[in-house]
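# Coordinate analysis (summary)
Below are the chains, spelled out letter by letter.
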Amino acid sequence: VIRADVTYSIGYPKTIFYNAKNRPFCGKIRNIEISFDKTKSDSLSKLAVSADCSTVKQNDFVHKYKRGSCLVVGGSPGKNGAVSYCSSTAFAAGCGIVAILTGKSNFPDVANVKKEAVYDVIENILKYNHYSCVVIGPGLGTLSEDEKLSITNFIKNYTGQLIFDASFFTEFSKDILKNCTNPPLLTPHSGEFKKFFGEDEISIEQACRIAKEYNCNLLLKDSFMILATPNGTSTIFDFPMRIAAQAGSGDLLVGYIAGNILQNESFYNAICASVMRFYYELGKFTDKNFYSPEELISNLSYSIPQN
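From a predicted model like this one, the values you see are computed outputs, not experimental measurements.

### A short note on the overall build of the protein
The helix and strand tally for the protein stands at 9 helices and 12 strands. On C-alpha atoms alone, the protein measures out to a radius of gyration of 19 Å, which is about the 19 Å that the 2.2 N^0.38 rule sets for 307 residues. In terms of its C-alpha atoms, the protein occupies a principal-axis envelope of roughly 60 × 40 × 40 Å. Counting every position in the protein, which comprises 307 residues, the buried fraction comes to 52%. In the protein, 63% of the contacts between residues at least 6 apart in sequence involve partners at least 24 apart. Total accessible area on the protein stands at roughly 14,800 Å², and carbon and sulfur atoms take up 51% of it. Side-chain charges in the protein split into 31 positive and 30 negative, and the spacing between the mean points of these groups amounts to 2 Å.

This is the structure we're talking about:
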């Protein structure tokens, strides 16, 4: 087997590159454009290498709920940094209000994490069904049966945008996806994906099949990312960066996606722009072995003018 430095793909990137076992052997992937008529292509996958990650300065004449409200369900002893990072990037994306719900025993600790956020316990989750977007999972510890029931009942009746992340995939089974009114967004890393869905490996075909079967949007995170949609299309974000493999990166990204969803009329475009901007800002740290989450959050809070 050859471990290439660069792989040149003629016409289109090949889906076989994005099997997780194969990707490390490809090195940098470069696509060579030739005179294929792309309007006649039957490919449902595309490679995101230059998607627009700019943002438009929003209207100044608004109140906080007009900027969108985000609920983050998570946190547990020793893992409260996850909800802090998630809420911070939701604010950085432009969200007007963020509420953090956590277990009753963890409440005294999490209340000192983010002073600008609202705090409550999971048993009161039904009071927040008017929030625009709900992220369930960052830093979420083992749930009591009552807490799990409260979240399950909330999911059944919630009509906004649900995002499932991190510990959601260990606390719940895939059957809960049948209770969602609208297609949720799932953001598992490769290990969580395999365990939650009982899969052996990662590929574009698998991600698309899962997204269609469970009527969900799936952002599958590995050294590259696959965004698969319920209609069978997929987008690949191919930006392998060692710096991204740092604890807290997933929490920062999911909060940033949630905040951007609330600022953008297009759900799909909001996800793509969020991932592209996140990697763009992370790229500024690639000459280091560590990045400062606080500095990244600050960078993400700035608007980049459209070209």
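Okay, back to it.
### Notes on the pairing of strand β10 (residues 217-221)
In terms of burial, β10 is largely enclosed, as 5 of its 5 residues are buried. Burial along β10 is two-sided: the residues Asn-217, Leu-219 and Lys-221 and Leu-218 and Leu-220 are all buried. Summarising the sheet, strand β9 (residues 185-187) and β10 pair through 2 bridges and their orientation is parallel. The partner of Leu-186 across the bridge, within β10, is Leu-218. One ladder, built from 4 bridges, connects β10 with strand β11 (residues 225-228); its direction is antiparallel. Its bridge partner lying in β11, Lys-221 is registered against Met-225.

### Brief notes about the pattern of salt bridges
For the coordinates displayed, the defined rule picks out 10 salt bridges. Across the pair Asp-120 and Lys-127 runs a salt bridge whose closest N-O atoms are separated by 3.5 Å. Since its relative accessible area comes to 52%, Lys-127 is described here as exposed. For Asp-175, the salt bridge goes to Lys-178, with nearest N and O atoms at 4.0 Å. Since its relative accessible area comes to 44%, Asp-175 is described here as partly exposed. Overall, the relative accessible area of 64% leaves Lys-178 in the exposed class. Through salt bridges that share partners, Glu-199, Arg-209 and Glu-213 make up one connected network.

### Section: a nonpolar patch on the surface
A cluster of nonpolar side chains, Val-6, Tyr-8, Ile-10, Ile-32, Ile-34 and Phe-36, forms an exposed patch at the surface whose accessible area comes to about 550 Å². For the nonpolar patch, the leading source of residues is strand β1 (residues 6-10), giving 3 residues. As for its position among the elements, Tyr-8 is in strand β1. With a relative accessible area of 57%, Tyr-8 lands in the exposed category.

### Points about the layout of surface pockets
One number sums up the size of the second largest pocket: a volume of about 510 Å³. Lining of the second largest pocket is provided by 29 residues; of these, His-189, Lys-221, Ala-244, Ser-249 and Gly-250 occupy positions nearest its centre. Those elements giving two or more residues to the lining of the second largest pocket turn out to be α5 (190-197), α7 (249-261) and α8 (267-282). Among the elements that take part in the lining of the second largest pocket, α7 stands out by supplying 4 residues, more than any other. Here the lining of the second largest pocket is composed, by residue class, of 13 nonpolar, 9 polar and 7 charged.

### Quick word on α7
In this model α7 runs 18 Å from its N-terminal to its C-terminal C-alpha over 13 residues, within 8% of the 18 Å that 1.5 Å per residue would give. Among the 13 residues that make up α7, 12 are buried, leaving the element largely enclosed by the rest of the structure.

### Side note on the nonpolar core
Across soluble globular proteins, you tend to see nonpolar side chains buried next to one another. Among the nonpolar cores identified, the biggest contains 47 residues, and Leu-71, Val-73 and Phe-164 are the most heavily contacted of them. Of all the elements, helix α6 (residues 204-213) adds the most residues to this core, at 5 residues. When residues no more than four places from it in sequence are discounted, the contact partners of Leu-71 are Ala-99, Leu-101, Ile-125, Tyr-128, Tyr-131, Cys-133, Val-134, Val-135 and Phe-154. In terms of nonpolar packing, the next biggest core, distinct from the first, is built from 45 residues, Ile-100, Leu-185, Phe-278 and Tyr-291 among them.

### A word on the side chain of Ser-274
Counting through the fold element by element, Ser-274 comes out in helix α8. Of the polar contacts made by the side chain of Ser-274, one reaches the side chain of Asn-260; its length is 2.9 Å. Looking at Ser-274, its side chain comes within polar contact range of the main-chain oxygen of Ala-270, at 2.6 Å. Leaving out residues up to four positions away in the same chain, Ser-274 has contacts with Leu-253, Tyr-256, Ile-257 and Asn-260.

Calculation rules
Residues numbered from 1 in each chain as written. Predicted model: local features only at pLDDT ≥ 70, side-chain atom pairs only at ≥ 80, totals over all residues. Heavy atoms only, no water. Helix = DSSP H or I, 4+ residues; strand = E, 2+ residues; numbered from the N terminus. Rg over C-alpha atoms; globule rule 2.2 N^0.38 Å. Buried < 20%, exposed > 50% of the residue type's maximum accessible area, 1.4 Å probe, protein only. Contact = heavy atoms within 4.5 Å. Areas by Shrake-Rupley, 256 points an atom, 1.4 Å probe, with all protein chains shown as cover. Lys, Arg positive; Asp, Glu negative; His and termini not counted. Charge placed at Lys NZ, Arg CZ, Asp CG, Glu CD. Pairing = 2+ DSSP bridges. Salt bridge = Lys/Arg side-chain N within 4 Å of Asp/Glu carboxyl O. Patch = residues over 30% accessible without salt bridge, like charges linked within 9 Å, V, L, I, M, F, W, Y side chains within 5 Å. 1 Å grid on protein atoms, 1.4 Å probe; cavity = no way out; pocket = protein on both sides within 12 Å on 5 of 7 lines; lining within 4 Å. Points joined across faces, edges and corners; volume = space filled by probe spheres on them. Nonpolar A, V, L, I, M, F, W, Y, C, P; charged D, E, K, R; others polar. Expected span 1.5 Å × (residues − 1). Core = buried A, V, L, I, M, F, W, Y, C linked by side-chain atoms within 4.5 Å. Polar contact = N/O pair within 3.5 Å; in protein donor to acceptor, adjacent residues only side chain to side chain.

Keep in mind that these numbers describe shape and distance, not what the molecule does.
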